[in-house]
Amino acid sequence: MDSKIINWGIIGAGKIASKFAADLNSLSNAKLYGIASRSIEKANHFASEFDVNKAYDSYDALVLDPNIDAIYIATPHSFHKAHSLLCLNNKKPVLCEKPFAMNLEEVNEMISLSKQNNTLLMEALWTAFIPHFQYVQNLIDKKHYGEVVQLEADFGFFTEYDENSRVFNKSVGGGSLLDIGIYPLFAALSTLGLPNSIEAKADFFPSGADSECEIICHYDNAKAVLKSTLLEETKTEAIFHCEHGTIKINNRFHEPSSVLLIDKFGNSELKTFDYKTIGYSYEIEHFNQLIRDGKTESDLMTFDRSRQLISTLDNIRALIGLEYS
Ligand SMILES: NC(=O)c1ccc[n+]([C@@H]2O[C@H](COP(=O)([O-])OP(=O)(O)OC[C@H]3O[C@@H](n4cnc5c(N)ncnc54)[C@H](OP(=O)(O)O)[C@@H]3O)[C@@H](O)[C@H]2O)c1
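What counts as what
Residues numbered from 1 in each chain as written. Predicted model: local features only at pLDDT ≥ 70, side-chain atom pairs only at ≥ 80, totals over all residues. Heavy atoms only, no water. Axes fitted to C-alpha atoms, helices over the stretch in contact; angles between N-to-C directions. Helix = DSSP H or I, 4+ residues; strand = E, 2+ residues; numbered from the N terminus. Parallel < 35°, antiparallel > 145°, perpendicular 65-115°, else oblique. Contact = heavy atoms within 4.5 Å. Nonpolar A, V, L, I, M, F, W, Y, C, P; charged D, E, K, R; others polar. Near = heavy atom within 4 Å. Polar contact = N/O pair within 3.5 Å; in protein donor to acceptor, adjacent residues only side chain to side chain. Areas by Shrake-Rupley, 256 points an atom, 1.4 Å probe, with all protein chains shown as cover. 1 Å grid on protein atoms, 1.4 Å probe; cavity = no way out; pocket = protein on both sides within 12 Å on 5 of 7 lines; lining within 4 Å. Sits in = over half its atoms within 2 Å of the grid points. Core = buried A, V, L, I, M, F, W, Y, C linked by side-chain atoms within 4.5 Å. Buried < 20%, exposed > 50% of the residue type's maximum accessible area, 1.4 Å probe, protein only. Expected span 1.5 Å × (residues − 1). Arc of directions from axis to C-beta.

1. Digging into the packing of helix α4 (residues 80-89) against helix α5 (residues 104-116)
If you want to describe how two helices pack, look at the angle between their axes and the distance between the axes. Relative orientation of the contacting elements α4 and α5 amounts to 5 degrees, with a least axis distance of 10 Å. Viewed along their axes, α4 and α5 adopt a mutual orientation that is roughly parallel. Note on element contacts: α5 touches α4 through Glu-106, Glu-109, Met-110, Leu-113 and Ser-114, opposite His-80, Lys-81, Ser-84, Leu-85, Leu-88 and Asn-89. Counted by class, the contact of α4 with α5 contains four nonpolar, four polar and three charged residues.

2. Topic: the site of the ligand
The environment of the ligand is made up of 22 residues, and the closest members are Ser-37, Lys-42, Tyr-59, Lys-98 and Tyr-280. At 2.9 Å, a backbone N or O of Ile-16 approaches an oxygen atom of the ligand. In this structure, Arg-38 approaches the ligand through a main-chain N or O atom, which is 2.9 Å from an oxygen atom. In the complex, the protein chains occlude 84% of the 900 Å² of accessible area that the ligand would expose alone. Mapping the ligand onto the cavity grids shows that it belongs to the largest pocket. The set of elements that each furnish at least two residues to the shell around the ligand consists of α1 (15-24) and α7 (176-192). Along the lines of polarity and charge, the residues of the shell around the ligand split into nine nonpolar, six polar and seven charged.

3. Quick word on the nonpolar core
Ranked by size, the top nonpolar core spans 107 residues in total, and within it Trp-8, Ile-10, Phe-46, Phe-240 and Ile-247 carry the most contacts. Filtering out sequence-adjacent residues up to four positions away, Ile-10 remains in contact with Ala-17, Phe-20, Ala-21, Leu-32, Gly-34, Ile-35, Ala-36, Phe-46, Leu-62, Tyr-72 and Ala-74.

4. Considering α5
For α5, built from 13 residues, the straight-helix expectation of 18 Å at 1.5 Å per residue is met to within 8% by its first-to-last C-alpha distance of 18 Å. Those residues of α5 lying buried are Glu-106, Val-107, Met-110, Ile-111, Leu-113 and Ser-114. Along α5, the residues classed as buried sweep out an arc of 160 degrees about the axis, all on the same side. In α5, the exposed positions that point more than 90 degrees away from the buried face belong to Glu-105, Lys-115 and Gln-116. Elements in contact with the buried residues of α5: α4, β6 (121-124) and α9 (303-320). One side-chain oxygen at the N-terminal end of α5 lies 3.2 Å from the backbone nitrogen of Glu-105; it belongs to Asn-103.

5. A look at helix α2 (residues 40-49)
The set of residues buried in α2 consists of Ala-43, Phe-46 and Ala-47. Viewed end-on, α2 has its buried residues packed into an arc of 100 degrees, placing them on one side of the element. Exposed positions of α2 whose direction lies more than 90 degrees from the buried face are Glu-41, His-45, Ser-48 and Glu-49. Summarising the contacts, the buried residues of α2 are in contact with β1 (6-11), α1, β2 (30-36) and β3 (54-56). Phi turns positive, to about 55 degrees, at Asp-51, one or two residues after α2.

Set out below in structure tokens:
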């Protein structure tokens, strides 16, 4: 049944919703059917920009529409649990933005309801589905250059401090760690697994949201040195130093990018990928297939993977003293 058109709805007409909509519109077997916003003007504007069938002035109205097969949650972090539960309670498959929720307890609640209602739920950690990341993951799993000895991964950009932006607003989950630090951490967990111990330190904005966070994950024979910052532009690379060579995911490693392989003799090879979309199309196609196959959990972005990610974020937050109400 690969031909079944999946009708999507989006909750929250913000920045990421626009990028997701653009990629969704590039796929032939899926349709952006609905957009829900707290403002009907905003929903109508989004609908006309992205050729959406229906605009709703409330998230509930979209969730109740029987024509919708899948819902993408694009609201700030602190609403991910409530909006996921809203969909799952109405048996609508949910693709929820990262971080999946604010902490492990919330994520467990979402997973429980997904299981109870036999309804698909997946974290939209798009990096997991992008070909260059899967290529690197495969090289590391196969020990192409032997074991990873050290990973260095960072994600940083500068943006003017603005209390109205969700990025700085602690009451909706703002801060560098949950917003962008999640990506270097995801690279570490995907390749090295859960660390034995963690060191972390952070600085904070006046709002109490973390402006930057430095993390070292310790493993038996390796370490991962990770950083997120909203104070400066950084390389935003992931470099895996292995026993017999280096694998480097180039700038903006978490989105479509290239990979540089350097063997122990210094010979290098640049691997490029033929990307035609912003990069969200890969997670969308995966999710569409899960729906067609009647699955309630992804075999790639599994519940365990999401639990490990959020529980490690919880541990880091405890180390840096970052609490959300
Ligand atoms: N995967 C990625 O590459 C990626 C990139 C950026 C962000 N994200 C994730 O996507 C989520 C949204 O990020 P964004 O950058 O799109 O944020 P944004 O531009 O601020 O949009 C969030 C939307 O959520 C809705 N919303 C509902 N209650 C809200 C409230 N109390 N305050 C603010 N907005 C509220 C609003 O939509 P309405 O007004 O239409 O209701 C708003 O436009 C975050 O969790 C973030 O981590 C992921």
